Amino acid sequence: MKGKTKYHALKVDTEKCFGCTHCMKICPTEAIRIVDGVATIDQYRCVDCGNCLRACPVDAFYVEQNQLSHIEDFKYRVVLFPSVFIGQFSEIYSEGRIYEALLRLGFTHIFEVEQPALWLMESIKESSQELAEGPLISSFCPAIVRLIQSKYPSLTRNIAPRKAPHDLAAHFAIEQLKMQGANESEIGIFYVSPCSAKMAAVNQPVAEKESIVTGVINMKDLYNRIMRLLPANETTDTSGFRQYLSREGILWSLPRGEASWFKKRSMAIDGIHNVVKFLERLENDEVPKLDFLELKSCNQGCAGGILLTGNRFLTVERLQKRALRYPKASQINPEGVRKETVQKKLISDNVEPRPVFVLDQDRTRALEKMKKINNILCHLPGIDCAGCGAPNCHALAEDIVQGKARMTDCIFLQNKFIKELKVKPDKACANLERIWGKKRFEADCNKKGGRNEGF
Amino acid sequence: MALELVFQIEGGDFSNAGKASSQIKKVLKQLNIDTRIIKRVVVAVYEAEVNVAAHAHRGQVKALFGETEVEVVVTDQGPGIENIEQAMQPGYSTASKEVREMGFGAGMGLSNIAKNTDNLHIESEVGKGTILTFRCNYS
């Protein structure tokens, strides 16, 4: 994997970004620095969790756009979406109307990714028998899988070697359509993603060769399209598309949606900062014995996905009500498609560790760098002001020993050096311009930032 | 040349026991040490921190990161250990009822440290305090 460019769904619009540091301070892997006045993302550290996008006051982060235009190339145009997609609409819009709007958009078949959930959950349970020790960690959330790869490499062996729900739905859809006489090359599978992490995972899967999905659709974009196409009344019966959807399936992507399948000793944690705190403990063996651990990067699970519209708690509320109208997963038994055929395709490779926080592969050099970091920290102000373009003093110290920053990047030290006549004022200014861009120093009454921003 | 980190611990402050072991873990991870070794060090330091919180008035953890091993010295001002051999026995505990009720003091501390480190040395003076020294080789 080394040397290979990592694909990321999150990009920075350098026209919009003005280097306000909100994103940099919230990033759970300290992957962002300000260079030339704008946020830049370290591709090896970024896990595509999307917290930067959420924190940005000027919408400078964006997620790569749809591949919706290809749908016309296929005879069978399948849209796969997670249940949370329905949950974000107000309850005045029935499921039937939303489904009809999807057909109007040009899709011929509709599958929610959670059908048939039981098959994948069974397979995940089976994989826990292959695990030597510790809890089985869900592979559901790609941001969490990437976080574990980079920050908790020793825990990668606990990650279930199973694919994601959208793979289940894709294989299930393909098998069903093949039964109806479709040729595999005529089928286009379009997955509606609730977040940047799943978008990145489809474009560059974590533990498989390539994804089965043909194209990814940004959920926010689809929401807008559907709102424009919603029919006033239901005219077609679309319930056939939902015949394999179950109660547990609808709740799968919400907190405890996976853990509830494990009757005993399971835990569910949502929110990537909460997950970080828990994994630190798990690594130290400071947690009780667990069989299964569900970890989701967004608060309230996928209902809090960054590409969803509306309030995450309202989405959860609607899904909980909706789930009650559906049968239990054990009562659903799809005819025709063989469970084993689909289950076989859901086994993935093991997740490989990919540590990125090691200071140096050579231990002697790593130790030297560590000492330098501690020494540099004695001189930095310790207020984590981000004036240097790094999220905190410790990150700056690390950047300095790695040759990515200088002592004079710290605005406190810079002032001190000017006073001690070690740095000339014009050189100091040029240095600040390198980090913050020239425009930062011009008076501008329409400047973004600083005016009750975030309230 | 080794890197030295020092942490202070207050007696009775269980909520902060674990801070030193967490910091030490961070350093070892950045030094690219085998995760199994890191786990052993972390468990040993955590046990030592809890010991200080449970028994002593105050203490400190000093970690010395060398090129081949990490050395940890835990010094406390406290009651000291009367019979070190007995204290090393798994299950032997002098922890108070209060400490046990908090879920600590099961008598596994010192034996756990011995199990996870390469070289444990205990010096103690009754009524004054205890000095615990242990090492963990990186390989």
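Residues numbered from 1 in each chain as written. Chains lettered and ligands numbered in written order. Predicted model: local features only at pLDDT ≥ 70, side-chain atom pairs only at ≥ 80, totals over all residues. Heavy atoms only, no water.

Per an unreviewed UniProt entry, chain B carries the name Anti-sigma regulatory factor and comes from Mariniphaga sediminis.

In the annotation of an unreviewed UniProt entry, the entry for chain A reads 4Fe-4S dicluster domain-containing protein, and the organism field reads Mariniphaga sediminis.

Novice: Break down the overall build of chain B for me, with residues and values.
Specialist: The helix and strand tally for chain B stands at five helices and five strands. Counting from the amino terminus, chain B carries its helices and strands in the arrangement β-α-α-β-β-α-α-α-β-β. Over its C-alpha atoms chain B spans a radius of gyration of 14 Å, differing by no more than 12% from the 14 Å that the globule rule assigns to 139 residues. The principal-axis extents of the C-alpha atoms in chain B amount to approximately 40 × 30 × 25 Å. The buried share among the 139 residues of chain B stands at 45%. The contacts of chain B with a sequence gap of at least 6 include a subset with a gap of at least 24, amounting to 63%. Summed over all atoms, the accessible surface of chain B reaches about 7,000 Å², with 47% contributed by carbon and sulfur. One finds the centroid of the 14 positive side-chain charges in chain B at a distance of 7 Å from the centroid of its 17 negative side-chain charges. (Helix = DSSP H or I, 4+ residues; strand = E, 2+ residues; numbered from the N terminus. Rg over C-alpha atoms; globule rule 2.2 N^0.38 Å. Buried < 20%, exposed > 50% of the residue type's maximum accessible area, 1.4 Å probe, protein only. Contact = heavy atoms within 4.5 Å. Areas by Shrake-Rupley, 256 points an atom, 1.4 Å probe, with all protein chains shown as cover. Lys, Arg positive; Asp, Glu negative; His and termini not counted. Charge placed at Lys NZ, Arg CZ, Asp CG, Glu CD.)

Novice: Give a detailed account of the overall build of chain A, specifying residues and quantitative values.
Specialist: Helix and strand counts for chain A stand at 17 helices and eleven strands. At 24 Å, chain A has a C-alpha radius of gyration in line with the 23 Å of a compact globule built from 455 residues. Projected onto its principal axes, the C-alpha coordinates of chain A cover approximately 80 × 55 × 40 Å. For chain A, with 455 residues in total, the buried portion stands at 56%. At a minimum sequence separation of 6, the contacts of chain A that also span at least 24 residues come to 79%. As displayed, chain A offers around 20,900 Å² of accessible surface, 50% of which is attributable to carbon and sulfur atoms. For chain A, the centre of its 65 positive side-chain charges and the centre of its 55 negative side-chain charges are spaced 3 Å apart.

Novice: Describe the interface of chain B and chain A, with residues and values.
Specialist: Contacts between the two partners involve 21 residues from chain B, matched on the other side by 23 residues from chain A. Roughly 2,000 Å² is buried in total at the junction of chain B and chain A, and carbon and sulfur atoms are behind 53% of that figure. The largest per-residue losses of area from chain B upon contact with chain A belong to Lys29(B), Gln30(B) and Leu31(B), which jointly make up 30% of the total buried on that side. Where chain B packs against chain A, one counts four salt bridges. Summed over the shared surface of chain B and chain A, the number is ten residue pairs in polar contact (both at pLDDT 80 or more). Among the elements of the structure, strand 1 (3-10), helix 1 (19-30) and helix 2 (35-55) of chain B are those that each provide at least two residues to the side of chain B that touches chain A. Partitioned by chemical class, the residues of the side of chain B that touches chain A number twelve nonpolar, five polar and four charged. (Buried area = accessible area lost by both parts, 1.4 Å probe. Salt bridge = Lys/Arg side-chain N within 4 Å of Asp/Glu carboxyl O. Polar contact = N/O pair within 3.5 Å; in protein donor to acceptor, adjacent residues only side chain to side chain. Nonpolar A, V, L, I, M, F, W, Y, C, P; charged D, E, K, R; others polar.)

Novice: Any details on the UniProt feature "domain: 4Fe-4S" (unreviewed entry) in chain A? Residues and values, ideally.
Specialist: Here, UniProt's "domain: 4Fe-4S" (unreviewed entry) annotation points to residues 368-427 of chain A. For residues 368-427 of chain A, the helix share is 55%, the strand share is 0%, and the end-to-end C-alpha distance is 29 Å. (UniProt positions renumbered as here; feature names shortened; annotations may be inferred.)

Novice: Tell me what's going on with helix 4 (residues 95-104) of chain A, and back it up with residues and numbers.
Specialist: Residues and elements named next belong to chain A. With respect to burial, helix 4 is a largely interior element, eight of its ten residues being buried. Those residues of helix 4 that sit buried are Glu95, Gly96, Arg97, Ile98, Tyr99, Glu100, Ala101 and Leu102. Residues of helix 4 that are buried in the fold lie against strand 5 (76-81), helix 3 (84-87), strand 6 (109-112), helix 9 (219-229) and helix 12 (312-324).

Novice: Describe the domain arrangement of chain A, naming the residues involved and giving the relevant values.
Specialist: Much of the literature gives interface size as the accessible area that the parts lose upon coming together. Residue and element names in this part refer to chain A. By domain assignment, chain A separates into domain 1 (10-63), domain 2 (68-345) and domain 3 (363-423). Between the C-alpha centres of domain 1 and domain 3 there is a distance of 22 Å. With both sides pooled, the region where domain 1 packs onto domain 3 buries about 680 Å², and carbon together with sulfur makes up 45% of that total. For the pair domain 1 and domain 3, the number of links is two salt bridges. Among the salt bridges present, the one from Asp399 reaches Arg33, with a minimum N-O distance of 2.5 Å. Taken together, the connections running from domain 1 to domain 3 amount to five residue pairs in polar contact (both at pLDDT 80 or more). For the side of domain 1 that touches domain 3, the secondary-structure elements that each account for two or more residues are helix 1 (22-26) and strand 2 (32-35). (Domains from an automatic or database assignment.)

Novice: Explain the UniProt feature "domain: Histidine kinase/HSP90-like ATPase" (unreviewed entry) in chain B to me, using residue names and the numbers behind them.
Specialist: Mapped onto this structure's residue numbering, the UniProt feature "domain: Histidine kinase/HSP90-like ATPase" (unreviewed entry) falls at residues 18-135 of chain B. Secondary structure content for residues 18-135 of chain B is 42% helix and 26% strand, and the end C-alpha separation is 18 Å.

Novice: Describe the environment of Leu64(B), with residues and values.
Specialist: All names here are of chain B. Inspection of the secondary structure assignment puts Leu64 in strand 2 (residues 58-65). Measuring from C-alpha to C-alpha, the distance between Leu64 and Leu3 comes to 5.7 Å, with 61 residues separating the pair along the chain. The contact partners of Leu64, leaving out residues within four places of it in the chain, are Ala2, Leu3, Glu4, Glu69, Val70 and Glu71.

Novice: Explain the pattern of salt bridges residue by residue, including any values.
Specialist: All names here are of chain A. According to the stated counting rule, one finds 33 salt bridges over all chains in the structure shown. For Lys339, the salt bridge is made with Glu122, and the minimal N-O distance between the two is 3.0 Å. Taken together, the positions of Lys339 in helix 13 (residues 339-345) and Glu122 in helix 5 (residues 117-127) put the pair 217 residues apart, joining distant regions of the chain. On the basis of relative accessibility, which here comes to 27%, the residue Lys339 falls in the partly exposed class. Overall, Glu122 belongs to the partly exposed group, its relative accessible area being 27%.

Novice: Describe the environment of Gln320(A), and please don't skip the residues or the numbers.
Specialist: Take Gln320(A): it is sitting in helix 12. Put simply, Gln320(A) and Phe357(A) are 37 residues apart on the chain and 40 Å apart in space, counted from C-alpha to C-alpha.

Novice: Outline the pairing of strand 11 (residues 292-296) of chain A, listing residues and values.
Specialist: Residue and element names in this part refer to chain A. With five of five residues buried, strand 11 is to be regarded as a mostly interior element. Along strand 11, one buried face is formed by Phe292, Glu294 and Lys296 and the opposite face, lined by Leu293 and Leu295, is buried too. Pairing between strand 7 (residues 136-137) and strand 11: two bridges, direction parallel. Paired with Leu136 across the bridge in strand 11 is Phe292. As paired elements, strand 10 (residues 266-270) and strand 11 share five bridges and run parallel to each other. Considered in strand 11, the bridge of Asp270 is made with Lys296. The parallel pair strand 10 and strand 11, bridged by helix 11 (residues 272-283), forms a crossover whose chirality is right-handed. (Pairing = 2+ DSSP bridges. Right-handed = clockwise from strand over helix to strand, strands pointing away.)

Novice: Quick rundown of the state of the cysteines? Include the residues and the values.
Specialist: As used here, a disulfide is simply a covalent bond connecting the sulfur atoms of two cysteines. Residue and element names in this part refer to chain A. For the structure shown, the criterion picks out zero disulfides over all chains. Looking at Cys52, it has no disulfide partner, and the nearest cysteine sulfur is the one in Cys49, 6.3 Å off. For Cys52, a relative accessible area of 8% corresponds to the buried category. Looking at Cys385, it has no disulfide partner, and the nearest cysteine sulfur is the one in Cys388, 6.2 Å off. Exposure remark for Cys385: the relative accessible area of 37% places this residue in the partly exposed category. (Disulfide = S-S within 2.5 Å.)

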